[in-house]
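Overview (structure and organization)
Here is what each chain is made of, one letter per residue.
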Amino acid sequence: MKKRIVVALTGASGLKLGDYFLRKVAENSEFFEKVFVIVSDNAKLVADAENFSFDFSYFPENFVLLNQNDFSAPVASGSYPFEGMVVIPCSMSSLASMASGVGTNLIHRVADVCLKEGRKLIVVPRETPFSLVHIENMRKLALSGGRIVPFIPSFYNNPSGIEDMLDFFCIRIFDLLGVEIKDERRWRIDE
Ligand SMILES: Cc1cc2nc3c(=O)[nH]c(=O)nc-3n(C[C@H](O)[C@H](O)[C@H](O)COP(=O)(O)O)c2cc1C
């Protein structure tokens with residue numbers, strides 16, 4: 001069955017990773033009924049600072065761009081059925097909000113919905129090093145049902161470069177969403 005998902009990009013370094021993931025979702029849009037995209041206001045500031053410009057012209061028809069302050073969006077309510085949310089990249093500030101249940105924007109609210117409804121919440125944190133506060137927040141989120149999925153490239157698939165690493169990582173997120181994409185780089189897939 002096609003899935004409805006939310007993809008949120010927050011103000012952490014490496015927005016290219018979130019953009020790459022969105023492009024991968026768009027490439028595989030036949031698996032998704034609807035993809036709600038939320039870009040936090042701070043993500044836009046970080047993008048400016050990192051000379052990264054968002055271009056959503058490739059979005060297929062089933063993609064919906066939401067404002068971070070739009071609490072009346074369908075996904076702000078648990079009664080609207082959707083699979084879950086991927087927060088990529090996730091700032092420590094958004095992580096803290098989600099771990100504490102303080103919903104000051106739509107991203108935090110959707111996280112709250114995912115946790116209360118037992119839906120998928122996949123968080124790709126971006127900071128280094130992590131303080132104990134960050135680790136405690138990740139622990140709390142993991143105990144509440146969230147999945148903490150830092151971008152840690154794998155090498156067993158012999159990546160040809162950064163793009164290949166990003167691609168393989170995105171496919172692991174697809175796995176967590178329950179969307180299995182054929183990929184010959186999977187470990188021992190041909191045996
Ligand atoms: C250039 C730049 C890079 C940043 N990188 C990070 C980062 O990697 N991780 C992080 O937690 N915060 C980072 N920040 C700080 C966040 O943007 C800030 O905490 C903000 O409140 C996050 O808001 P949001 O989670 O609502 O998007 C960065 C800020 C700037 C300007």
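Residue positions within a chain follow its written sequence, with the count starting from 1. A pLDDT threshold of at least 70 governs which residues receive local features in this predicted model, and a stricter bar of 80 or more applies before side-chain atom pairs are shown or counted, although totals over entire chains, interfaces and linings include all residues. Hydrogens and water are ignored here; the side-chain numbers use all heavy atoms of the structure.

For every element, the axis is a line fit to its C-alpha atoms; helices are fit only across the contacting stretch, and the angle between N-to-C directions ranges from 0 to 180 degrees. Note on conventions: DSSP H or I runs of at least 4 residues are helices, E runs of at least 2 residues are strands, and numbering of each starts at the N terminus. Running from N to C, helix 3 (residues 92-100) and helix 4 (residues 106-117) point in directions that differ by 40°, and their axes come no closer than 9 Å. Classed by the angle they form, the pair helix 3 and helix 4 counts as oblique. Relative to helix 4, the crossing made by helix 3 is right-handed. Taking contact as the criterion, the partners of Ser94, Ser97 and Met98 in helix 3 are, on helix 4, His108, Ala111 and Leu115. Note on residue classes: Ala, Val, Leu, Ile, Met, Phe, Trp, Tyr, Cys and Pro are nonpolar, Asp, Glu, Lys and Arg are charged, and everything else, Gly too, is polar. Taken together, the residues of the contact of helix 3 with helix 4 sort by class into three nonpolar, three polar and no charged. The labels follow the angle: roughly parallel below 35 degrees, roughly antiparallel above 145, roughly perpendicular from 65 to 115, and oblique for the rest. We call a crossing left-handed when the near helix sits turned anticlockwise from the far one by less than a right angle, and right-handed when that turn is clockwise. Any two residues whose heavy atoms approach within 4.5 Å are treated as being in contact.

What follows deals with the pattern of salt bridges. In the sections that follow, a salt bridge refers to a side-chain nitrogen of Lys or Arg positioned within 4 Å of a carboxyl oxygen of Asp or Glu. The final tally for this structure, using the stated rule, is 15 salt bridges. Of the charged contacts, one joins Arg23 and Asp19 as a salt bridge, the two residues approaching to 2.9 Å between their closest N and O atoms. With a gap of four residues between them, Arg23 and Asp19 both fall in helix 1 (residues 15-27), about one helical turn apart. Here the term buried applies to any residue with accessible area under 20% of the maximum for its type, exposed to any over 50%, and partly exposed to those in between, with areas from a 1.4 Å probe on protein chains only. Classification of Arg23 by relative accessible area gives partly exposed; the value is 35%.

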